[in-house]
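Listed below are the residues making up each chain.
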Amino acid sequence: MKPLCYVRYDGLSRACGCARPFSTFAFGGKGLISFWAAITFFVPSATPAATSTGSGIAARYPGDKNIGSDPAVILADDFESYTSPSELWNKWDNVYQPRNIRIATETGNVFAGHKALEFSLPISSTEVANALSKRLSPGQDTVFLRAYTKFDAGYSVHGSNHNGLRLSAKYPGPGIKPPANGTGFFLFLLQNNVLGTPLAGEVAPGYSHIYAYWPSQRSAYGDHWYPTGMVKPFVSGIGTQGDWLAFPSQYPDFHPMPNFLPQRNRWYCDELMVRANTLGKHDGEVKYWIDGKLVSDFPDLNIRSISTLKMDEAHITLQAQHSERVNKKWYDNVVIAKQYIGPMTVASAISASAAQFQNFSSRLLIEAGDNVGIAGFVIGGSEPKKLLIRGLGPTLTELGITDVMQNPTLELHDSSGSLIAANDDWKNTQQAAIAATRLEPANDSESAILATLQPGSYTVVQAGASGGTGTGLLEIYNLDPVASSTLVNMSTRGLVQPGNGALIAGCSVDGGSGANNVLVRALGPSLTGLGVNGALADPILTLYDTNGNVITADDNWKDTQQEAIENTALQPPDDFEAAIFTTLTTGSYTAVVTGKNGNNGIALLEVYATQ
């Protein structure tokens, strides 16, 4: 079981803060519970193949709020405070080519909040170098640099193109090879570039790779390291093999990884780490993550021989020698730190005016092992939120549901996987407090947890006592509807079967604006890459209103609303997955996932507040 990765909910109807009986509506000729559960399963917007790292600094600061106050953070900039590029000097030490820099405010060109940084390459046959740089004083042995980045939809540069995240030590400028004895300088830049003849499958903006100046450098103008272990340029004797492939005994910890090609017009969370080696040892390392997944790692490096050679600058950049069109790249939520930063929580892309989810719930078949009921949710904002979590089973027989979970149990985990609370029979713990909410389960063998939680990501696991199986209902109730923190995202993973075996989730929406933008996703094929066996090959998603009327439905997300969905930066990773972007008024809604042509499989149903 992986309690922090897979999530699912099934819920019961409750509105306006008062409990009421389960409500049903007609669907396909059968009565179903009217659910209102939304869900959070963090799936990266890209599909890097490598494994993820542990929680970083960002996990402690939902939405990156106050992340700059962390003692490990050197700089944090979300660009929200600027009205003009001239103000960038308030946080950065140098701003190169400010005439090509703009503070962007358009929807889709901002990852979080209301502003981002835009670099432009004008049509030019001479070199243009746009950048922001930050001096690192004192110099650092290990630095992490994270930024959300996006290339424009038609981005295409022929020839040299340096873009992305750079960390360097005493870099004197281009065209100089560092001394082979490690007493000079080094530079590592995470970038995308189609270099010379495209590699297999490579198109603009080019595979992600490291542009490097280091003691074993091949060319005066830098080397290009690819995740596979290939290095350009070609050299006699070893060709395009990197040293780690040509001399494996010197690099025993190197493991090739697939090349990664980002899509244009899509936000990614890029993070570069450089660790200078201990003097006399080959323990330096350069690695990078995309959307929290480790994509490339170069260990066992010897890049310095003197202790004074430390990283003294960090850059974000967009540079090219030749641009035949106006090419643009956007940056948002940049953080420089001494420790791994990681992506923002899902709530980070959601503004303060987002839809207010008051209740979440989901119903599904709960089995043993990896197929227990798993649900995740995100609390956004700045204040703790009081929630009641219920795991129901026997009560469902009143709705005509057979094979119910007879004795459900609950566990609540934080973002690190630590157990916060657990319950078997709800009266065994917190009986008086739970009863005071007037939402206590109807059956003594059902479970409940009352908790006040800080903003962040959480996971709930519903299982059967002694390995029992059956249909269960997992609910989350917001007991602080007026608090400045909100439930902004939830997700449910479950087995989809024909007939009554659909994956069903529901949510109640309440927002001060009266209308709220919501993205609902149904994932299947992309779960295979995350280690889920038997994923649903082609999910179909249908959204219903409180009366059981179909609002809209979707099979493959690119068939309709492609642009609107991409503008949320939450588009499904696979074309056969489904998504619906819609504006909901205050009320209750139900999302249902079925398999095309009646197919079975594991699916993930998610709901995000996006405005």
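Residues numbered from 1 in each chain as written. Predicted model: local features only at pLDDT ≥ 70, side-chain atom pairs only at ≥ 80, totals over all residues. Heavy atoms only, no water.

*Asks:* Honestly, the overall build of the protein chain in this entry has me stumped. Any pointers?
*Replies:* Check the secondary structure of the protein chain and you find three helices and 37 strands. Looking at the protein chain as a whole, 58% of its 611 residues qualify as buried. A total accessible area of about 22,500 Å² is found for the protein chain, and carbon and sulfur atoms account for 50% of it. (Helix = DSSP H or I, 4+ residues; strand = E, 2+ residues; numbered from the N terminus. Buried < 20%, exposed > 50% of the residue type's maximum accessible area, 1.4 Å probe, protein only. Areas by Shrake-Rupley, 256 points an atom, 1.4 Å probe, with all protein chains shown as cover.)

*Asks:* Just to check I follow, could you spell out the nonpolar core for this structure?
*Replies:* One broad rule of soluble globular proteins: the nonpolar side chains tend to lie buried together. Core analysis: the largest hydrophobic core is formed by 55 residues, its most contacted members being Leu117, Leu132, Phe188, Ile210, Trp225 and Ile316. Looking at which element gives the most residues to this core, the answer is strand β20 (residues 311-320), with five residues. (Core = buried A, V, L, I, M, F, W, Y, C linked by side-chain atoms within 4.5 Å.)

*Asks:* Is there a simple way to think about the pattern of salt bridges in this case?
*Replies:* When the charged atoms of two side chains lie near each other, side chains of opposite charge can form a pair. As enumerated under the stated definition, the model contains 20 salt bridges in all. Between Glu475 and Arg390 there is a salt bridge, with the nearest N and O atoms lying 2.6 Å from each other. Separated by 85 residues along the polypeptide, Glu475 in strand β29 (residues 470-478) and Arg390 in strand β24 (residues 385-392) bring together distant segments of the chain. Residue Glu475 is classed as buried on the basis of its relative accessible area, which comes to 0%. (Salt bridge = Lys/Arg side-chain N within 4 Å of Asp/Glu carboxyl O.)

*Asks:* In this structure, what is going on with the side chain of Gln462? I would like to understand it.
*Replies:* On the secondary structure map, Gln462 appears in strand β28 (residues 456-464). Judged by its relative accessible area of 0%, Gln462 is buried. One polar contact links the side chain of Gln462 to the main-chain carbonyl oxygen of Leu392, over a distance of 3.3 Å. Setting aside residues no more than four positions away along its own chain, Gln462 makes contact with Ile366, Val372, Gly373, Gly391, Leu392, Pro408, Thr409, Leu410, Gly472, Leu473 and Leu474. (Polar contact = N/O pair within 3.5 Å; in protein donor to acceptor, adjacent residues only side chain to side chain. Contact = heavy atoms within 4.5 Å.)

*Asks:* When you look at the environment of Ile336 in this model, what are you seeing that I'm missing?
*Replies:* Relative to the elements of secondary structure, Ile336 occurs in strand β21 (residues 327-337). Ile336 gets classed as buried once you look at its relative accessible area, which sits at 0%. Considered as a pair, Ile336 and Ile74 are 262 residues apart in the sequence and their alpha carbons are 5.3 Å apart. In this structure Ile336 touches Ala72, Val73, Ile74, Leu75, Lys134, Leu136, Val143, Phe144, Leu145 and Ala314, once residues within four positions along its chain are discounted.

*Asks:* Explain the side chain of Arg166 here, please?
*Replies:* Secondary-structure assignment places Arg166 in strand β11 (residues 161-169). Looking at Arg166, the relative accessible area reads 13%, which means it is buried.

*Asks:* Looking at this structure, I do not really get unusual backbone geometry. What am I missing?
*Replies:* Trans peptide bonds make up most of the peptide bonds, and negative phi angles are found at most residues other than glycine. Cis geometry is found at the peptide bond from Ala204 to Pro205, where omega equals 5°. If you trace the backbone, Pro205 turns up in the loop between β12 (186-192) and β13 (208-213). The step from Lys232 to Pro233 runs through a cis peptide bond, and the omega angle for that step is 10°. Structurally, the position occupied by Pro233 is in strand β15 (residues 230-235). Backbone geometry at Gln97 places phi at a positive 55°, although glycine is not the residue there. Examined against the element boundaries, Gln97 turns out to sit in the loop between β6 (94-96) and β7 (101-104). Taking relative accessible area as the criterion, Gln97 reaches 23% and is therefore assigned partly exposed. One non-glycine residue, Asp291, lies in positive phi territory at about 55°.

*Asks:* Hey, could you run me through the packing of aromatic side chains in this one?
*Replies:* Here the distance between the centres and the angle between the planes together describe a pair of aromatic rings. For the structure on display, the rule yields 24 aromatic pairs. An angle of 20° between the planes, with centres 5.5 Å apart, marks the rings of Phe377 and Tyr458 as stacked. Placement of Phe377 in strand β23 (residues 373-380) and of Tyr458 in strand β28 is noted, with a sequence separation of 81 residues between them. The buried category is assigned to Phe377, whose relative accessible area is 0%. These aromatic residues form a ring-pair network of at least three members: Phe186, Phe188, Trp214, Trp225, Trp244, Tyr251, Phe254 and Phe298. Lying over the aromatic face of Trp330, Lys150 brings its terminal NZ or CZ to 4.8 Å of the ring centre. (Phe/Tyr/Trp six-rings, centres within 6.5 Å; stacked < 30°, edge-to-face > 60°. Lys NZ or Arg CZ within 6 Å of the ring centre and 35° of its normal.)

*Asks:* Sorry, what's going on with the sheet that holds β12 here?
*Replies:* Sheet strands associate in pairs through backbone hydrogen bonding, adopting either a parallel or an antiparallel arrangement. Read from one edge to the other, the open sheet built from nine strands follows the order β6-β9-β20-β11-β12-β13-β14-β15-β16, with strand pairing classed as antiparallel. Two strands lie at the open edges of the sheet, namely β6 and β16 (239-241), each paired on one side alone. Strand-to-strand, the axes of this sheet are offset by a mean angle of 20°, without reference to chain direction. Direction of pairing for strand β9 (residues 128-140) relative to β20: antiparallel, over a ladder of nine bridges. Residue pairing across strands places Arg135 opposite Glu313, the latter belonging to β20. (Pairing = 2+ DSSP bridges. Axes fitted to C-alpha atoms, helices over the stretch in contact; angles between N-to-C directions.)

*Asks:* Teacher, can you tell me more about the confidence of the model for the protein chain here?
*Replies:* Any region with low pLDDT has predicted coordinates that should not be read closely. Of all residues in the protein chain, 87% have pLDDT values of 70 or greater, and the mean over the chain is 85. Under a pLDDT of 50 for its full length, residues 1-54 has, in the predicted model, 250 contacts with residues more than four places off or in other chains. Counted against residues more than four places away or in other chains, residues 346-354, with its pLDDT under 50, gives 20 contacts. (pLDDT = per-residue confidence, 0-100.)

*Asks:* What's the story with the environment of Pro394 in this structure? I'm lost.
*Replies:* Topologically, Pro394 is positioned in the loop between β24 and β25 (408-413). Note on Pro394: relative accessible area 11%, which makes it buried. When the C-alpha atoms of Pro394 and Gly472 are compared, they prove to be 8.4 Å apart, with 78 residues separating the residues in sequence. Once you skip the residues sitting within four places of it in the chain, Pro394 turns out to touch Val404, Met405, Gln406, Pro408, Asn443, Ser445 and Glu446.

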